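Structural description and commentary
Residue-level listing of the chains:
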Amino acid sequence: MATRRIISQEKTLLEKDDRIGSSPAASEKSNITPAVPASVIIKLLAFTFAMIVIPIGSYFLTVDRLFSGNSTYAGATAAIMANVVLIGYIIVAMAEDQGDQENEKKGGGGQVEEKKDL
């Protein structure tokens, strides 16, 4: 046997959602700090720019001046320079990670903050 619900007493989802002021999160100020520090973003953008400019620039600088039109050697030079930039990024990232770990060991230092989940 099926039962019938009384619809007039139930609230719709929109009516239930009108109580924004009484929700627990409404009284708290929202945390708008970025998840990643600005220094990390700047390093990433700098290495991205270097990954584009250095290999292409090294190709065009060496193709006529150093290798007398031999594009194979100039392409190899560009590939080597791309790897140099990549290795440089890895070294900088590892040094930054080790610095963060040393700060945590010394007593929870500077820029590391605990984030709250909402």
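As the structure is a prediction and not an experimental result, all values here were calculated from the model. (Residues numbered from 1 in each chain as written. Predicted model: local features only at pLDDT ≥ 70, side-chain atom pairs only at ≥ 80, totals over all residues. Heavy atoms only, no water.)

This part covers the confidence of the model for the protein chain. The pLDDT averaged across the protein chain works out to 81; a share of 70% of its residues lies at or above 70. Confidence drops under a pLDDT of 50 for residues 112-116, and excluding neighbours within four residues, the segment shows four contacts in the predicted structure. (pLDDT = per-residue confidence, 0-100. Contact = heavy atoms within 4.5 Å.)

Take the UniProt feature "transmembrane region" (unreviewed entry) in the protein chain next. When the UniProt feature table is mapped to this numbering, "transmembrane region" (unreviewed entry) covers residues 40-61 and 73-95. Annotated as residues 73-95, this span is 100% helix and 0% strand, and its ends, taken at the C-alpha atoms, are 33 Å apart. (UniProt positions renumbered as here; feature names shortened; annotations may be inferred. Helix = DSSP H or I, 4+ residues; strand = E, 2+ residues; numbered from the N terminus.)

Here helix H3 (residues 71-107) contains 37 residues, and its C-alpha end-to-end distance of 54 Å stays within 8% of the 54 Å for a straight helix at 1.5 Å per residue. Ala74, Thr77, Ala78, Ala82 and Val85 are the residues of H3 that are buried. Tucked inside the fold, the buried residues of H3 contact helix H2 (38-65). Backbone nitrogen of Thr72 and a side-chain oxygen of the N-cap are separated by 3.1 Å at the start of H3; the cap is Asn70. (Expected span 1.5 Å × (residues − 1). Buried < 20%, exposed > 50% of the residue type's maximum accessible area, 1.4 Å probe, protein only. Polar contact = N/O pair within 3.5 Å; in protein donor to acceptor, adjacent residues only side chain to side chain.)

Here we come to the pattern of salt bridges. Scanning the model with the defined rule gives one salt bridge in all. Here Glu96 makes a salt bridge to Lys43, at a shortest N to O gap of 3.2 Å. Here Glu96 is found in helix H3, whereas its partner Lys43 is found in helix H2, with 53 residues between them in sequence. Relative accessible area serves as the criterion here: at 23%, Glu96 is assigned to the partly exposed category. For Lys43, a relative accessible area of 30% gives the class partly exposed. (Salt bridge = Lys/Arg side-chain N within 4 Å of Asp/Glu carboxyl O.)

On to the side chain of Ser58, then. Structurally, Ser58 is set in helix H2. Classification of Ser58 as buried rests on a relative accessible area of 12%. Engagement of the side chain of Ser58 in a polar contact is seen with the backbone oxygen of Pro55, the distance being 2.9 Å. Those residues in contact with Ser58 that lie beyond four places of it in its chain are Thr77, Ala78 and Met81.

As enumerated under the stated definition, the model contains three aromatic pairs in all. Ring geometry for Phe47 against Tyr89: centres 5.2 Å apart, planes inclined by 70°, an arrangement best described as edge-to-face. Of the two residues, Phe47 is situated in helix H2 and Tyr89 in helix H3; the sequence distance between them amounts to 42 residues. A ring pair is formed by Phe67 and Tyr73, whose centres lie 5.7 Å apart and whose planes are at 55°; its orientation type is tilted. You can call Phe67 partly exposed: its relative accessible area is 24%. (Phe/Tyr/Trp six-rings, centres within 6.5 Å; stacked < 30°, edge-to-face > 60°.)

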